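Close look at the chain arrangement
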Amino acid sequence: MSYTAEDVLEYVAEEDVKFIRLAFLDVNGIHRNLSILPAELKKAFNFGIPIDATAIDVFHKVTGSDLLLHPDPSTLSVLPWRPEHGRVVRMYCSLTYPDGRPFECDTRSLLKKAVSDAKACGLEFTFGSEMEFYLFKLDDDGNKTFEPYDNASYLDIAPEDKGENIRREICLTLEQMDIIPLSSHHEIGPGQHAINFIHGDPITAADNAVTFKNVVETVAGRNGLWASFAPKPLKDKAGSAFRVIMSARDSKGEFPAEPIIGGLLDKIPEMMAFLNPIDDSYRRLGTSRAPLYISWSKDNRSQLIRFQNTDIANPKIILRSPDPQANPYITFALMIYAALDGLKNNTKPMDPVSFDLQDATSQEVSSLTKLPETISIAKNIMKNSFFIKDIVPEEIIRLYLEK
């Protein structure tokens, strides 16, 4: 449901809401929030609520002043794990300086601009995602360990799959927050799981990805575990992906897939420092089905991009390289701009690759280009990219280079 400010004020008054969380992501994708009481809600909508930007490391490097949080009423959601009496609700926010200027490191606003630019070009995008994570045990003192919660594998069931009830609780919690799961299952790694959910417009889809991580971490904690979204938490086991599903329609209602795939393939090296932002990201690539080469296919699941057109009415592009450390707002924005670049330049993708890259010989892959193999290489490519400089604010680029 798309709420207005008036709707939210009415809901808070009638539904015994005692705390309103104003949530946002910092540049690195860290979920942060400030709680206010109902008496402050009108002020939040009319003027914004100040936060001390100097206390947030990545923001302190950009500004020494306060910032204002402006809640988006359409993102209102109850937090189901909080008490029914004295409810807690959450809204996502945009950030501005006190004089009203947009904060250049507000990545949600970056995605909003990408959506607006796409609409100006006659394109409307939808996104979905599938995010993998591990469930690990805590020790007797409540400290994190890297002992998996179970030793099950892909699509196993109970009793081998001990996480079945936890996934169920996650899915039911998401439903209570109007995020509809499509499927959930045990993944390849011990204690590894995956859940994907219904597609939506880019901003809602990115909000949902942020909410998903928060729900998983919360439910895991309620069950005496902790959830890891690290790309490669166990050295010799499968890494965790953040697969992004993209679809688009032009003014004729058609999906111009070929130039969009071409644009993504062309720009992926320049985007990698954002999509795979830490050292550990590159330990995952090329292992356990994670892509290592710039390639695509209509049916082969080992490629960087898979074009899924089994549903003729709703074909999709699946980008398989990002991992859960990526900021979804930046990820979706860059994918939109790469698609627009492909359309603008009518970029032709390379020929599709039909063979399985997991078992390919050196001769078979000799004609393919590898993805950047370290974060240092990815940062250097990004630093020299005119494509990135035209899209991403200078301060965000600087912060990623300094990570």
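Quick note: structure is the one above.
As the structure is a computational prediction, the values presented were derived from the model and not from experiment. (Residues numbered from 1 in each chain as written. Predicted model: local features only at pLDDT ≥ 70, side-chain atom pairs only at ≥ 80, totals over all residues. Heavy atoms only, no water.)

Side note on the overall build of the protein chain
Under the convention used in this document: Only runs of H or I of at least four residues qualify as helices and only runs of E of at least two qualify as strands under DSSP, and these elements are numbered from the N terminus. Throughout, radius of gyration means the C-alpha value; the globule benchmark is 2.2 Å times the number of residues raised to the power 0.38. Any two residues whose heavy atoms approach within 4.5 Å are treated as being in contact.
Counting secondary structure elements, the protein chain contains twelve helices and 15 strands. Over its C-alpha atoms the protein chain spans a radius of gyration of 21 Å, differing by no more than 12% from the 22 Å that the globule rule assigns to 403 residues. Projecting the C-alpha coordinates of the protein chain onto the three principal axes gives extents of approximately 65 × 50 × 45 Å. Taking as baseline every contact in the protein chain between residues at least 6 positions apart, the subset at least 24 positions apart corresponds to 71%.

What to know about a negative patch on the surface
Operational definition: Note that patches include only residues with greater than 30% relative accessible area and no salt bridge, and the join distances are 9 Å for like charges and 5 Å for nonpolar side chains (Val, Leu, Ile, Met, Phe, Trp, Tyr). A 1.4 Å probe and the Shrake-Rupley method give the accessible areas. Residues count as covered only by the protein chains that appear here. Counted as salt bridges are all cases of a side-chain nitrogen of Lys or Arg within 4 Å of a carboxyl oxygen of Asp or Glu. Asp and Glu are treated as the negative residues and Lys and Arg as the positive ones, with His and the ends of the chain left uncounted. Every charge is mapped to an atom, namely NZ of Lys, CZ of Arg, CG of Asp or CD of Glu.
Negative charge collects at one region of the surface, where Glu6, Asp7, Glu10 and Glu14 lie side by side. The residue Asp7 is located in helix H1 (residues 5–14) in this model.

Remarks on helix H5 (residues 164–176)
Quick note on the threshold: Each helix should span, by expectation, one fewer than its residue count multiplied by 1.5 Å. To sort residues, take the accessible area from a 1.4 Å probe on protein chains only and compare it with the maximum for the residue type: under 20% means buried, over 50% means exposed, and anything in between is partly exposed. This arc is built from the directions going out from the helix axis to the C-beta atoms.
A rise of 1.5 Å per residue sets the reference length of H5, with its 13 residues, at 18 Å; its end C-alpha atoms lie 19 Å apart and thus fit the reference within 8%. Here H5 has its buried residues at Ile166, Arg167, Ile170, Cys171, Thr173 and Leu174. The arc that holds the buried residues of H5, viewed along the axis, is 165°, so those residues lie on one side. Looking at H5, the residues exposed on the side facing more than 90 degrees away from the buried face are Asn165, Arg168 and Gln176. Of the surrounding elements, those touching the buried residues of H5 are strand S7 (124–138), strand S9 (181–186), strand S10 (192–197), helix H6 (202–222) and strand S11 (225–228).

Structural notes on the packing of H5 against H6
Our working definition: Geometry is summarised by axes, namely lines fitted to C-alpha atoms with helices restricted to the contacting stretch, and by angles between N-to-C directions that run from 0 to 180 degrees. Should an angle lie under 35 degrees it is considered roughly parallel, over 145 roughly antiparallel, and from 65 to 115 roughly perpendicular; all remaining angles are considered oblique. It is the rotation of the near helix from the far one that decides the hand of a crossing: anticlockwise by less than a right angle makes it left-handed, clockwise makes it right-handed.
Interaxial distance between H5 and H6 falls to 10 Å at its minimum, and their mutual angle equals 135°. In terms of axis orientation, H5 runs oblique to H6. Relative to H6, the crossing made by H5 is right-handed. Listed contacts from H6 to Ile166, Glu169, Ile170, Thr173 and Leu174 of H5 are Phe212, Val215, Val216, Val219 and Arg222.

Quick word on the packing of H6 against helix H9 (residues 328–344)
Rules: When residues are grouped by polarity, Ala, Val, Leu, Ile, Met, Phe, Trp, Tyr, Cys and Pro land in nonpolar, Asp, Glu, Lys and Arg in charged, and all others, Gly among them, in polar.
Two elements in contact, H6 and H9, have axes whose closest approach is 9 Å; the angle formed by their N-to-C orientations is 150°. In this view, H6 runs roughly antiparallel relative to H9, as classed from their interaxial angle. For the pair H6 and H9, the crossing hand works out as right-handed. Between H6, through Pro202, Ile203, Ala205, Ala206, Asp207, Ala209 and Val210, and H9, the contact on the second element is made entirely by Pro328, Tyr329, Phe332 and Ile336. Looking at side-chain class alone, the contact of H6 with H9 contains ten nonpolar, no polar and one charged residues.

Comments concerning helix H10 (residues 375–383)
By the burial criterion, the buried members of H10 are Ile375, Ala378, Lys379 and Met382. Buried residues of H10, seen end-on, are gathered within an arc of 100° and therefore sit on one face of the element. The inward-facing, buried residues of H10 contact helix H7 (257–275), helix H8 (279–284), helix H11 (386–391) and helix H12 (394–402).

With respect to the pairing of strand S12 (residues 242–249)
Inclusion rule: Strand pairing requires that DSSP identify at least two bridges connecting the strands.
Among the eight residues in S12, seven count as buried, and that is most of the element. Alignment of S7 against S12, held across eight bridges, turns out to be antiparallel. Paired with Phe125 across the two strands is Ala248, which belongs to S12.

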